[in-house]
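# Remarks on the overall topology
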Amino acid sequence: MVIGHLSFAMATIGVLALQGDFREHRRVLEDLGVAAPEVRLPGDLEGVDGLIIPGGESTTISRLLRTSHLLEPLRKLAGDGFPLWGTCAGMILLAKRLDETGIPALEAMDIGVRRNAFGRQVDSFEADLQVAVLGDPLYRAVFIRAPIIEDVGPAVEVLARLPDGTPVAARQGRLLATAFHPELTSDSRFHRFFLEQIARQT
Ligand code: GLN
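Since we're looking at a predicted model, the values are computed, not measured. (Residues numbered from 1 in each chain as written. Predicted model: local features only at pLDDT ≥ 70, side-chain atom pairs only at ≥ 80, totals over all residues. Heavy atoms only, no water.)

Another point: empty space enclosed by the protein. Under the counting rule described, the total for this entry stands at 1 cavity of 30 Å³ or more. Of the voids in this model, the largest cavity is the one considered here, and its volume is about 60 Å³. Looking at the lining of the largest cavity, the elements with two or more residues in it are β12 (175–178) and α6 (189–201). Here the lining of the largest cavity takes 5 residues from α6, the largest share from any one element. Residues belonging to the lining of the largest cavity are distributed by class as follows: 6 nonpolar, 3 polar and 2 charged. (1 Å grid on protein atoms, 1.4 Å probe; cavity = no way out; pocket = protein on both sides within 12 Å on 5 of 7 lines; lining within 4 Å. Points joined across faces, edges and corners; volume = space filled by probe spheres on them. Helix = DSSP H or I, 4+ residues; strand = E, 2+ residues; numbered from the N terminus. Nonpolar A, V, L, I, M, F, W, Y, C, P; charged D, E, K, R; others polar.)

Written as structure tokens, this is what we have:
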């Protein structure tokens, strides 16, 4: 990472706190010196420079996005180029195309996503990923009932693949999606990458 701690310590990154492992994301951000307020209502989006949508249960988060009146404001922000990062269930909620219907989401990122793509046998696993934008060493990724990226549009850059070639991390402009859980390991390079993108573009 070229950009160090100080350049993004001024950032305020909201963490969607409706359901799922938002506390873990907040802890990583705060360890990096970044303010990480919980976002539960539209007013909580004021003053944040970006938003993380955590892992959890995408159907539940989708329902709560609607009942807390966050779905429309977030759709609009995503369309306006606001930085968003979805991890696992969060990635499902960022996708324009889903293998299932009936999960109203942000439809922000030009990716097709399949939920629970690894089935029951391999519910959870870890894999060492080569992620060029993070450099060395390999990135140990934790997958929990994870989705995969099935197709990507022309504006999307795949950042990481499983050994069989399946894309599991991607970005499109200021949108970042990871099928795994960077908040559950002590390696904060993905969080720093998200912050670095925001610091560069503002
Ligand atoms: N399987 C969950 C879903 O479909 C995602 C799992 C996760 O976020 N760890 O929403």
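We are not done yet, so read on.
Another point: the layout of surface pockets. Unfilled space is identified by rolling a water-sized probe across the atoms. When its volume is computed, the largest pocket comes out at roughly 180 Å³. Looking at the largest pocket, it is lined by 16 residues, and the ones nearest its centre are G56, E57, C88, I144 and R145.

All right, on to helix α3 (residues 58–67) then. Among all positions of α3, only S58, I61, S62 and L65 are buried. Across the axial projection of α3, the buried residues extend over an arc of 105°, all falling on one side. Residues of α3 that are buried in the fold lie against β1 (13–16), α4 (71–79) and α5 (89–94). Trailing α3 by a residue or two, H69 shows a phi angle of about 60°, which is positive. (Buried < 20%, exposed > 50% of the residue type's maximum accessible area, 1.4 Å probe, protein only. Arc of directions from axis to C-beta. Contact = heavy atoms within 4.5 Å.)

The next point concerns the packing of aromatic side chains. Following the criterion strictly, the structure yields 10 aromatic pairs and no others. Ring geometry for F125 versus F143: centroids 4.6 Å apart, planes at 5°, classification stacked. Of the two residues, F125 sits in strand β7 (residues 124–129) while F143 sits in strand β8 (residues 139–144), which places them 18 residues apart along the sequence. For the residue pair F125 and F143, the accessibility class agrees, reading buried in each case. Each residue in the set W85, F118, F125, Y139, F143, F180, F190, F193 and F194 is aromatic and connected to the rest through ring pairs, giving one cluster. (Phe/Tyr/Trp six-rings, centres within 6.5 Å; stacked < 30°, edge-to-face > 60°.)

Shape is all these values report; function is a separate question.
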